[in-house]
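Descriptive structure summary
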Amino acid sequence: MAEPYFSLSDEDRAEVLELGRERTGRPAHLLEKDVWVVWTLGALFGSPVGADLTFKGGTSLSKAYRIIDRFSEDLDLTYDIRRLIADLTGGEEFLPTSRSQAGKWTRAVRDRLPEWIAGTVQPVIQAALAQASLGAKLELSGADKDKLLLHYPAVKRGTGYVAPVVTMEFGGRATGEPHSITPVPCDIEGQVEGVSFPVASPMVMSVTRTFWEKATAAHVYCAQGRIRGERYARHWHDLAAILRSPHFDAAVKDREIARAVAEHKSHFFSEKDATGHPVDYLAAVAGSLQLVPEGTAREALAADYASMLEDQVMVGDALPFEDLMMACEEVASRANAAAGP
């Protein structure tokens, strides 16, 4: 019978990760973090907490759909707005009818989400850690206290770009739909005989919705010309990967989801461009999508992308930055053409 990875000593775990590195070509510290990512997903969605959660973002593209070829270290999770503020949404409705109502809902989400994370999610993960006798530590983080950090005792280290922390970032202003349950194994699964690794079966957002969420985020960056923290270049890498996948044509042609994302962001994530004018999400998905930044914004994006390459976050043959920009130009062109006249 295979021995569970987490029952091994630190020395044996390090040896297993080195074997995994030799057989997969992926850095040992990324394989290690991936094990913790999958364990965390399993702890979340294997508990009652998972009933109203959706796993989304780049990590879902990597782990659930195997579309992107980069290491995705954080967990982007949506707690169904219809459960979080059921008294305000009125059951199945989840879009506000006015700007003032959107503000009221947003304030309610910001008030209640940290309480739910600290009072419901954190105890669930803590109990799972205790049951498995794992020495990881939990920390509530983020300006809005909407992140739960799992600091794990790493046996392998990289350059420092990828920290030994699994970040669970929660949102509460959407339903996560469309979504479906999808199995998620570890990247090292099947590579080391006699050792078993964590598995998870999370509810995962559709590729189409993830595509439009990333496309509109990149569009806002181009409109504003300012980067928002490290690893922001991941959106462009992911868009180019979706372009190469069998999911792309369906994603750009799905006008219903494109418009749903635009309407949702118009209500809850209003932004202004570099000139101070509101970013028009509906116009963006209707034929005006811009994905390639210019000037200093392009330089900042290139620098962030270079940092991701340095720590081997791009685990396959990553595109050179200029080729990446060309691919994203094609994404925008085809998405705009799909919008019709």
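Here we look at the overall build of the protein chain
Counting its secondary structure elements, the protein chain contains 13 helices and 11 strands. If one aligns the C-alpha atoms of the protein chain with their principal axes, the spans along those axes are about 60 × 50 × 30 Å. When contacts within the protein chain are restricted to residue pairs at least 6 apart in sequence, those whose partners lie at least 24 apart make up 72%. Accessible surface, the protein chain as shown: approximately 15,100 Å² in total, 49% of it carbon and sulfur. The distance from the centre of the 36 positive side-chain charges to the centre of the 48 negative ones in the protein chain is 5 Å.

A look at the environment of Ala136
Note on placement: Ala136 falls in the loop between helix 6 (99–131) and strand 4 (137–141). In the structure, Ala136 is positioned 160 residues away from Thr296 in sequence and 40 Å away in space, judged by C-alpha atoms. With residues up to four places along the chain from it excluded, the contact list for Ala136 reads Trp36, Leu129, Leu150, His151, Tyr152 and Pro153.

Focus on the pairing of strand 5 (residues 147–151)
Here five bridges tie strand 4 to strand 5, and the two strands are oriented antiparallel to one another. In the strand pairing of strand 5, Glu139 is matched with Leu149. Hairpin connection between strand 4 and strand 5: a loop of five residues separates the two successive antiparallel strands, and Gly142 in this loop has a positive phi of roughly 95°. Taken together, the five bridges between strand 5 and strand 6 (residues 165–171) define a ladder with antiparallel strand orientation.

Focus: the environment of Pro4
Mapped onto the elements of the fold, Pro4 is located in strand 1 (residues 3–4). Remark: the alpha-carbon pair of Pro4 and Pro198, spanning 194 residues in sequence, is separated by 8.1 Å.

A closer look at the pattern of salt bridges
Evaluated as defined, the whole model comprises 17 salt bridges. For the salt bridge of Glu177 with Arg82, the shortest nitrogen-to-oxygen distance reads 3.1 Å. Remark: Arg82 occurs in helix 4 (residues 81–84) and Glu177 occurs in the loop between strand 6 and strand 7 (179–181); sequence separation between them is 95 residues. Assessed through its relative accessible area of 31%, Glu177 is described here as partly exposed. Given a relative accessible area of 8%, Arg82 falls into the buried group. Among the salt bridges present, the one from Lys214 reaches Asp238, with a minimum N-O distance of 3.0 Å. In this pair, Lys214 sits in helix 7 (residues 207–224) while Asp238 sits in helix 8 (residues 234–243), placing the two residues 24 residues apart along the sequence. Per residue, the accessibility class of Lys214 equals that of Asp238, and both read buried. A network of salt bridges, in which partner residues are shared, links Arg26, Asp34, Lys63, Arg66 and Asp187.

Cut-offs used in this document
Residues numbered from 1 in each chain as written. Predicted model: local features only at pLDDT ≥ 70, side-chain atom pairs only at ≥ 80, totals over all residues. Heavy atoms only, no water. Helix = DSSP H or I, 4+ residues; strand = E, 2+ residues; numbered from the N terminus. Contact = heavy atoms within 4.5 Å. Areas by Shrake-Rupley, 256 points an atom, 1.4 Å probe, with all protein chains shown as cover. Lys, Arg positive; Asp, Glu negative; His and termini not counted. Charge placed at Lys NZ, Arg CZ, Asp CG, Glu CD. Pairing = 2+ DSSP bridges. Salt bridge = Lys/Arg side-chain N within 4 Å of Asp/Glu carboxyl O. Buried < 20%, exposed > 50% of the residue type's maximum accessible area, 1.4 Å probe, protein only.

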